[in-house]
Structures are given as C-alpha cells and as structure tokens.
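So you can see what is in the structure, the chains are spelled out below.
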Protein chains: 2
Amino acid sequence: MKADAVRGHLDGLLLAVLEQGPLHGYAIITAVQRRSGGALELRTGTIYPALNRLERLGLLSSSWQSAGERRRRCYELTDAGRATLAGERAAWDEFTAAIGSVLNPGARPGLAT
Amino acid sequence: MKADAVRGHLDGLLLAVLEQGPLHGYAIITAVQRRSGGALELRTGTIYPALNRLERLGLLSSSWQSAGERRRRCYELTDAGRATLAGERAAWDEFTAAIGSVLNPGARPGLAT
DNA sequence: AGTGTATGTATTGGCAGCCAACACATTCAG
DNA sequence: CTGAATGTGTTGGCTGCCAATACATACACT
C-alpha cells in the first residue's frame, strides 16, 4: 500500500473507528491498522491535526483521561459526526463505483471473483 | 464527486480507457466521463501532463494524426502499459479492500445491498 | 458578418493534504 | 540503565491535481 493512499478518505476512517466507542489517538492508529489487516499505517502527523480539525468542525468531542499516571485524550463521535460518517460512506460507494466502472468496464458489482 | 478525488488513481484510469484502442486526449476525457456515468470530469490540466509522464515512462506511445485540418495526438498502450494496468487493477482492489474494511467492518464483499 | 459552442492541445501557478522527522514524557522488561 | 512500547503533539516539505489561461479550427445560427 503506497504511503499516502488514504488521501481524501482520512476523515471517514477516523469517524468509522470511533463509531463503536471512544478511543484515544494511539488506539485509533492501532485500530485502523488492525481493521485494515495491516495495510493502513497512519502516522501521528496525519491523525492529530485531522482529529483537531474534526473536533473544530463539531464532528468529534474530546476529553482528557488519566490511566494511572498516563494522560490520554479520548475522542468521541458527536451526532453531527455520525451523520457525516453516513455521508462519507455514501461518498465512498459513489467513488468506488465511479473509478471501478472506468477501471473494469465489464465488471458487474456483487459478482464473486 | 469532490474535485480531486482521482488523486493517486489517475494513471489507472488513463491506461484503462486506452485498453480497448488508441484515443486522443479530448476523447479520453469524454470516455472517462461516459464510463463513470458522468461522475468523473477530468481537466486538460490534469490529463495532458499525465499522458506525457506515462509516455516518458514507456507505458504509452503517441502519434500525431490529421482529421481534415485538425491535428490530433493519439495515445496507445504499450506492452509495459498493459502490464502496469494489471498492477493498477490489483492495487485498486487492495486499496478498496483496506479502506472498505475500516469503513464497513461488518460488511462482506459480494453481498448484494 | 458576427457570435456562440464544440472540438482540440498545452502550460502555469497555487494549494490541499498527507508524510517524515522531530521533540518530549511515562512505564516496564531485561 | 537501556531499549521498546505507549502516548501526545508540531513543523517543513513535497506530491499531484485543479483552475485559469492561451490559442486554433469548424460549424450552426442569426
């Protein structure tokens, strides 16, 4: 997987992993990595600015938590974030349909292998 | 469809539309637009530099043709271009699988709606 | 004769957005 | 006491597409 393949789809990824519950930044990275089967390895320079932006947009809310001496900033989906996530999923489907139909003109979706 | 959604996938699109035969730049734009159902509208500032790059890489070959008084530059896939196209298709499948598995963790491919 | 639209190729400046590199702190294993 | 894992964060830079621009021919309409 080339390095900046997530370009333009990062917001959806972040919102998606937060759908099932609050996570802190480091856990988001590992969650994305695990759910993609190791294909997607986000960097801190990628997600922290993005998380801040999403919070500023009102799609996430954050709160500091202490696990022992550690401080963690936990991010949580807002209602607006949930709505945006639905939009991102729809946009993803349109996007893959558009590119896919050019890349594989004869292919029909839903056909196994 | 957001403006620069094709970022990172342009080469595959260009190679794919040239698979079925030579086309000139303007025809490539309309072919991509048609095959994507109108979703993808490439600009000249996007494809001409890309076509030059692909030719420089040996994936395309070009030749000037005259239709009446009009001059057209026709691009054709080389064998290397065909091989690269196969690689781009494989990369696309990996890419959609990776993003898709994060975006829709429960979804299983091949399942209609 | 003039205007608009379609066809056709090509270059340039700008910028969004991600990454690499860096900086710093705590915890625990060896 | 050193290294790896855990944890948050910033900054500079580059890739790669787009918008704007330029120019040319052909044809329909008025």
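Please refer to the structure higher up on the page.
This structure is a prediction, so every number in the text was calculated from the model and none was measured.

*Asks:* Just checking my understanding: could you explain the packing of helix H2 (residues 25–35) of chain B against helix H3 (residues 44–56) of chain B for this structure?
*Replies:* Two packed helices can be described by the angle between their axes and the distance between those axes. Residues and elements named next belong to chain B. Between H2 and H3, the least distance of the axes is 10 Å, while the angle of their chain directions is 120 degrees. Classified by the interaxial angle, the pair formed by H2 and H3 is oblique. Regarding H2 and H3, the two cross each other, and that crossing is right-handed. Contact with H2, carried on its side by Gly 25, Tyr 26, Ile 28 and Ile 29, involves Thr 44, Ile 47, Tyr 48 and Leu 51 of H3 and no other residues of that element. Residues belonging to the contact of H2 with H3 are distributed by class as follows: 6 nonpolar, 2 polar and no charged.

*Asks:* I'm lost on the packing of aromatic side chains in this one. Help?
*Replies:* For any pair of aromatic rings, geometry is given as the distance between the ring centres together with the angle between the planes. Within this structure, the stated rule accounts for 4 aromatic pairs over all chains. Judged by centre distance (5.8 Å) and plane angle (40 degrees), the ring pair of Trp 92 of chain A and Phe 95 of chain A falls under tilted. Highlighted residues: Trp 92 of chain A and Phe 95 of chain A, both in helix H4 (residues 79–103), separated by 3 residues, approximately one helical turn. Across the pair, Phe 95 of chain A and Trp 92 of chain A agree in class, each one buried. Here Trp 92 of chain A and Phe 95 of chain B contribute two aromatic rings whose centre-to-centre distance is 5.8 Å and whose plane-to-plane angle is 65 degrees, an arrangement assigned as edge-to-face. Here Phe 95 of chain B lies in helix H4 (residues 79–103) and Trp 92 of chain A lies in helix H4, a pairing that spans two chains. Among the residues examined, Phe 95 of chain B registers a relative accessible area of 2% and is labelled buried. Site record: aromatic cluster; members linked through ring pairs are Trp 92 and Phe 95 of chain A together with Trp 92 and Phe 95 of chain B.

*Asks:* Teacher, can you tell me more about the interface of chain B and chain A here?
*Replies:* Interfaces are often sized by the amount of accessible area the parts lose when they come together. With 33 residues of chain B in contact, the opposing surface of chain A contributes 31 residues. In this assembly, chain B packs against chain A so that about 2700 Å² is buried in total across both faces, 71% of it on carbon and sulfur atoms. In terms of surface lost to chain A, no three residues of chain B exceed Trp 92, Val 102 and Leu 103 of chain B, which account for 25% of the buried area on that side. The interface formed by chain B and chain A includes 0 salt bridges. Secondary-structure elements contributing two or more residues to the side of chain B that touches chain A are helix H1 (10–17), H2 and H4 of chain B. The leading source of residues in the side of chain B that touches chain A is H4 of chain B, at 13 residues. Residue composition of the side of chain B that touches chain A, grouped by class: 17 nonpolar, 10 polar and 6 charged.

Criteria and thresholds
Residues numbered from 1 in each chain as written. Chains lettered and ligands numbered in written order. Predicted model: local features only at pLDDT ≥ 70, side-chain atom pairs only at ≥ 80, totals over all residues. Heavy atoms only, no water. Axes fitted to C-alpha atoms, helices over the stretch in contact; angles between N-to-C directions. Helix = DSSP H or I, 4+ residues; strand = E, 2+ residues; numbered from the N terminus. Parallel < 35°, antiparallel > 145°, perpendicular 65-115°, else oblique. Left-handed = near helix turned anticlockwise from the far one by under 90°. Contact = heavy atoms within 4.5 Å. Nonpolar A, V, L, I, M, F, W, Y, C, P; charged D, E, K, R; others polar. Phe/Tyr/Trp six-rings, centres within 6.5 Å; stacked < 30°, edge-to-face > 60°. Buried < 20%, exposed > 50% of the residue type's maximum accessible area, 1.4 Å probe, protein only. Buried area = accessible area lost by both parts, 1.4 Å probe. Salt bridge = Lys/Arg side-chain N within 4 Å of Asp/Glu carboxyl O.

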